[in-house]
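Analysis of the macromolecular model
Below are the chains, spelled out letter by letter.
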Amino acid sequence: MLPTPVPRRPPGPRGEHFAVLDPATGEAFDEAPDQRPEELDTVVGRAHQAWRGWRADPAARTRALLAAADAVEAARAELAPLLTREQGKPLAESVAEVARTAARLRYFAGLAPVPRPIDDGRPVRSEVRWRSLGPVAAIVPWNFPLQLAAAKFAPALAAGNPVVLKPSPFTPLATRLLGSVLAGALPEGVLTIVTGLEPLGARLVSHPGIRHVSFTGSIPTGRAVAAGAAPSLARVTLELGGNDAAILLEDVDVERIADRLFWAAFRNCGQVCMAVKRVYAPARLRDQVVEALAQRARAAVVGPGLDPGTQLGPLNNAPQLARVEHYTARALADGARAAAGGHRLDRPGHFFAPTVLADVPPDSPVVTQEQFGPVLPVLAYRSVDEAVAAANDTGFGLGGSVWGTDLDRAEAVADRLECGTAWINHHAELSLAQPFAGIKESGVGVAGGPWGLYGNLRPFVVHRPEEG
Ligand code: NAD
């Protein structure tokens, strides 16, 4: 596996700011504060102070989170273009991401933990109640900076915890703006945003004042985060990489599903943890599937996210572009054929042509690793057992999907997938109310729905005899 690119502070004197690039041009357009790791002592200390008042009043928390959701919606016209500028995605997708950010605040504002009596036949009244944990460190990647931040801070705040949030150094600006927007709705110290190059994140996860580390990012960084949090024994929730397979069955209607399948792989330029990252098609249908996807790849409008009509923006950053280019070149060298794309675009910015690959050897890294870009390998299979075995033969375990006309049969195949979520004739459609948990190396712990709320709480048992 290639190492994950992480912007690091260059040796020598520390700058007070770092540059933020527009991926559509590759040029710096703004900067963000490069906060020193030592500043975290003050930040986490303030979070501890804010915790006392925040955990004490659930009704006030609900009101504050609903006001926060309103504030995010009201700031959509400022947040969405800035998100596109630093992340690269089409503006309409940024607008949708802002809406999903507000939706997460609203959803968790309406959730409360339920105390539960324990009845085990003994003459005792025991009850499980729920208590907040203390300061939560939330660390997010650059593919969905706002929505993933909210997926962490909304349940943590709803549970009564203060949060220190660190965005990726590739996408700090919309998150900083979000912080200013939320400052009007939340008490001081309850949500603090810190920005900076590494080792800021490493210091945050190992800070002794942090009681829960909620991390989304790559598997290698997830390992470093778990190790960093080990000395303090803080709770760790890890939402990590995926390499989701889509299995097409013999009775699939290729033309009917082709648009859905294509966008399940290429949305956000393929930079989605739960994107379709490999397709398994019956040998008889392989060429038809490749051509249906390749047609769509050739027709997709690629351009700057702020241009009206753009369907696919650039990759977010130069190291990610290099990674996608490397995996694609390696597949072509391994004997794959590019039915569409196969190369970066000859223009400024981090653009890569939407790529569909056929005849890829199953052990090529574009199949076995997470490409996280607009490149999709299509592999032929001879039996469903072979397809299921190939889909499961991986250390990843985020999602998977099965596509066919007979839904019962498709569901029976989906039931055999080793992953956290399996879809039929869809992929990566998530409800706020469902648990979200990768298995194997794709994650530790559960986010989403009530499970996400309880992941930010600890049980507290009161045990009282019937008589003194
Ligand atoms: P990354 O692991 O490089 O970085 C994620 C975050 O961790 C960034 O904020 C980064 O600055 C920070 N970081 C880096 N080193 C750190 C350290 N030692 N300690 C603490 N924090 C550190 O990931 P990325 O390249 O930004 O994002 C892409 C990855 O995220 C992909 O693997 C993708 O699948 C994964 N992802 C997973 C989910 C999910 O829910 N499972 C969702 C989105 C993205």
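Residues numbered from 1 in each chain as written. Predicted model: local features only at pLDDT ≥ 70, side-chain atom pairs only at ≥ 80, totals over all residues. Heavy atoms only, no water.

1. Quick notes on the sheet that holds strand β18 (residues 457-465)
On the basis of which strands lie adjacent, the open sheet formed by three strands has the order β3-β4-β18 and antiparallel pairing. Both outer strands of the open sheet, β3 (116-118) and β18, are each paired with one neighbouring strand and no more. On average, each strand axis in the sheet is inclined to that of its neighbour by 30°, with strand direction left out of account. Sheet topology places strand β4 (residues 124-132) next to β18; nine bridges connect them, and they run antiparallel. Residue pairing across strands places Arg125 opposite Arg464, the latter belonging to β18. (Pairing = 2+ DSSP bridges. Helix = DSSP H or I, 4+ residues; strand = E, 2+ residues; numbered from the N terminus. Axes fitted to C-alpha atoms, helices over the stretch in contact; angles between N-to-C directions.)

2. A few points about the packing of aromatic side chains
All told, the structure shown has five aromatic pairs when counted by the stated rule. Ring plane angle 85° and centroid distance 5.0 Å describe the contact between Phe262 and Trp263, whose orientation is recorded as edge-to-face. Taking the ring centre of Phe29 as reference, the NZ or CZ of Arg85 above it sits at 4.3 Å. In this arrangement the basic side chain of Arg347 is found over the ring face of Phe351, its NZ or CZ atom lying 4.2 Å from the centre. (Phe/Tyr/Trp six-rings, centres within 6.5 Å; stacked < 30°, edge-to-face > 60°. Lys NZ or Arg CZ within 6 Å of the ring centre and 35° of its normal.)

3. Focus on unusual backbone geometry
With omega at 20°, the peptide bond leading from Glu198 into Pro199 counts as cis. Tracing the sequence through the fold places Pro199 in the loop between β7 (191-193) and α7 (200-205). Despite not being glycine, Leu233 has its phi angle at roughly 55°, a positive value. Along the chain, Leu233 turns up in the loop between α8 (219-229) and β9 (235-239). Leu233 gets classed as exposed once you look at its relative accessible area, which sits at 69%. Within the chain, Ala428 stands out as a residue other than glycine whose phi angle is a positive 65°. Within the secondary structure layout, Ala428 lies in the loop between β16 (421-424) and β17 (443-444). (Buried < 20%, exposed > 50% of the residue type's maximum accessible area, 1.4 Å probe, protein only.)

4. Description of the pattern of salt bridges
Inspection of every chain in the model, using the stated rule, returns 22 salt bridges. Between Glu239 and Lys152 there is a salt bridge whose closest N-O contact spans 3.1 Å. Here Glu239 is found in strand β9, whereas its partner Lys152 is found in helix α5 (residues 145-158), with 87 residues between them in sequence. Its relative accessible area of 14% is what places Glu239 among the buried residues. For Lys152, a relative accessible area of 4% corresponds to the buried category. Linking Glu255 and Arg296 is a salt bridge whose minimum nitrogen-to-oxygen distance equals 3.3 Å. With Glu255 in helix α9 (residues 254-266) and Arg296 in helix α10 (residues 286-299), this pair connects stretches of sequence that are 41 residues apart. Taking relative accessible area as the criterion, Glu255 reaches 45% and is therefore assigned partly exposed. Salt bridges linked by common partners bring Arg286, Asp287, Arg337 and Asp359 together as one network. (Salt bridge = Lys/Arg side-chain N within 4 Å of Asp/Glu carboxyl O.)

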